[in-house]
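What follows is the residue order along each chain.
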Amino acid sequence: MAYLGLRKPIIADMKEDGSYNEPFACGKAVGVTVTPNYAEASQYGDDGKAEYDKEFVDADVTLNTTTLPVVAHQKLFGHTVTEKNVKFNADDQNKDVGMGWITQEKVDGKRKFISNILFKVKFSDPSEDYSTRGENIEYKTPSISGKASALDNGQWKETEEHETATAALAWIYGKFGYTLGTLQVQSAEGTETGTTHLTVTPEKTGQNVYMYKTGVDVELPAYNDVCSVANGWKSWDGTSDVSATSGQKIVVAEVEAQTFAAKKAGTTTVTAKTGA
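Scoring rules and cut-offs
- Residues numbered from 1 in each chain as written.
- Predicted model: local features only at pLDDT ≥ 70, side-chain atom pairs only at ≥ 80, totals over all residues.
- Heavy atoms only, no water.
- Salt bridge = Lys/Arg side-chain N within 4 Å of Asp/Glu carboxyl O.
- Helix = DSSP H or I, 4+ residues; strand = E, 2+ residues; numbered from the N terminus.
- Buried < 20%, exposed > 50% of the residue type's maximum accessible area, 1.4 Å probe, protein only.
- pLDDT = per-residue confidence, 0-100.
- Pairing = 2+ DSSP bridges.
- Phe/Tyr/Trp six-rings, centres within 6.5 Å; stacked < 30°, edge-to-face > 60°.
- Lys NZ or Arg CZ within 6 Å of the ring centre and 35° of its normal.
- Core = buried A, V, L, I, M, F, W, Y, C linked by side-chain atoms within 4.5 Å.
- Contact = heavy atoms within 4.5 Å.

**Some points on the pattern of salt bridges**
Using the criterion set out here, one finds 10 salt bridges in the structure. In this structure, Lys110 and Glu163 form a salt bridge, with 3.7 Å as the shortest nitrogen-oxygen distance. On the criterion of sequence distance, the pair formed by Lys110 in strand E8 (residues 110-123) and Glu163 in the loop between strand E10 (157-162) and helix H2 (165-175) is long-range, its members being 53 residues apart. Residue classification places Lys110 among the partly exposed positions, given a relative accessible area of 44%.

So this is what it looks like as structure tokens:
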């Protein structure tokens with residue numbers, strides 16, 4: 001087994017009943033370290049070891065990311081935040097959170113995406129290290145440390161293997177209790193040659209918008225995947241015909257207007273108008 005990569009640090013703060021509030025992406029992953037701690041005891045008899053016990057106590061956790069979003073200060077450390085402001089108070093209390101991430105591994109020449117989740121972690125505020133700019137560029141990235149503990153049922157960590165990164169990310173969100181909603185997408189011939197007319201149900205909610213992607217092999221996004229133009233998606237107003245090729249697949253995602261985070265999605269085979 002060879003470890004090839006690390007991505008998608010996802011955090012969700014815990015509710016009093018043990019479920020989770022909506023997860024968020026905690027920057028981009030630079031490094032994750034998880035070191036379990038165990039209590040051990042041995043009993044000797046007849047000049048040898050007669051009994052040996054080893055029990056999980058907790059785990060030391062370190063998360064290093066490209067950035068620590070403003071929302072993380074509220075979700076992890078209990079600080080008061082606005083869009084651009086963070087207020088630190090001596091009475092702020094760190095919170096229990098769940099933490100997920102994806103590793104990429106190679107086994108027998110085949111790449112696999114591994115979902116990882118720690119069910120209950122409490123992080124401390126990060127130390128801050130600043131230095132003036134010198135002749136060479138030097139990146140400094142935030143690192144937070146904490147302790148992972150077990151739930152009442154004894155679980156403290158879980159992993160699962162997947163064929164794609166999208167499936168691995170969806171599994172993590174599912175563990176937090178959040179899954180991608182379903183859109184029913186229908187495709188019919190459009191008005192102009194090379195276009196298709198789409199019908200999507202149910203209608204989008206609130207200020208959400210539609211994004212779409214076409215191709216021979218396109219897949220549904222995971223919950224909260226960023227479906228932006230920068231990531232290869234196109235905007236759709238919900239009524240206009242779109243350019244597409246018959247026989248290809250089209251995916252329509254309902255996303256948040258500001259973040260482009262996917263909330264619902266659906267797919268169908270394109271039926272486009274052809275020339276006479």
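**Looking at the confidence of the model for the protein chain**
Averaged over every residue, the pLDDT of the protein chain is 91; the share at 70 or more is 93%. Within the protein chain, strand E4 (residues 48-65) has the poorest average pLDDT of any element, 85, and strand E17 (residues 249-255) the best, 98.

**Focus: the sheet that holds strand E13 (residues 195-201)**
Ordered by their spatial adjacency, 3 strands build an open sheet running E12-E13-E16, and the pairing between neighbours is antiparallel. The open sheet is flanked by strand E12 (184-189) and strand E16 (242-243), the only strands paired with a single partner. By the bridge criterion, 2 bridges tie E13 to E16 in an arrangement that is antiparallel. When the sheet's bridge partners are listed, Thr195 is paired in E16 with Ser243.

**Considering the packing of aromatic side chains**
Tallying each qualifying case throughout the model produces 6 aromatic pairs. When the ring of Phe56 is compared with that of Trp156, the centres are 4.4 Å apart and the planes differ by 10 degrees; the resulting orientation is stacked. Taken together, the residues span a long stretch of sequence, with Phe56 in strand E4 and Trp156 in the loop between strand E9 (143-148) and E10 at a distance of 100 residues. On the basis of relative accessibility, which here comes to 23%, the residue Phe56 falls in the partly exposed class. A ring pair is formed by Tyr173 and Tyr223, whose centres lie 5.4 Å apart and whose planes are at 65 degrees; its orientation type is edge-to-face. Of this pair, Tyr173 sits in helix H2 while Tyr223 sits in the loop between strand E14 (209-215) and strand E15 (234-236); the two residues are 50 residues apart in sequence, bridging distant segments of the chain. Looking at Tyr223, the relative accessible area reads 8%, which means it is buried. Members of the aromatic cluster, joined through ring pairs, are Tyr38, Phe56 and Trp156. Of note, Lys54 hangs over the ring of Tyr38, and the distance from its end group to the ring centre comes to 4.6 Å.

**Brief notes about the sheet that holds strand E18 (residues 262-269)**
Overall, mixed pairing links the 5 strands, which are arranged E11-E18-E17-E14-E15 in an open sheet. Among the strands making up the open sheet, the edge pair consists of strand E11 (181-182) and E15. Sheet analysis places E17 next to E18, joined by 7 bridges and oriented antiparallel. Across the sheet, residue Glu254 finds its bridge partner in E18, namely Lys264.

**Regarding the pairing of E12**
Bridge count for E12 against E13 is 6 bridges, and the pairing is antiparallel. Residue pairing in the sheet places Val185 in a bridge with Val200 of E13. Following E12, the chain reverses through 5 residues before pairing antiparallel with E13; Gly194 in that reversal takes a positive phi of roughly 80 degrees.

**Looking at H2**
Within H2, the full set of buried residues consists of Thr166, Ala168, Leu169, Trp171, Ile172 and Tyr173. Looking one or two residues past H2, Gly177 carries a phi angle of roughly 90 degrees, positive in sign.

**Here we look at the nonpolar core**
Counting residues in hydrophobic clusters, the biggest one holds 19 residues, and the most contacted among them are Ile11, Leu76, Met99, Val121 and Phe123. Broken down by secondary-structure element, the contributors of at least two residues to this core are E4, helix H1 (70-77), strand E7 (96-107), E8 and E9. In contact with Val121, not counting residues within four places along its chain, are Val61, Lys95, Asp96, Val97, Met99, Lys147 and Ala148. Core analysis: the next-biggest nonpolar cluster, separate from the first, contains 17 residues, Ile117, Leu169, Tyr173 and Phe176 among them.

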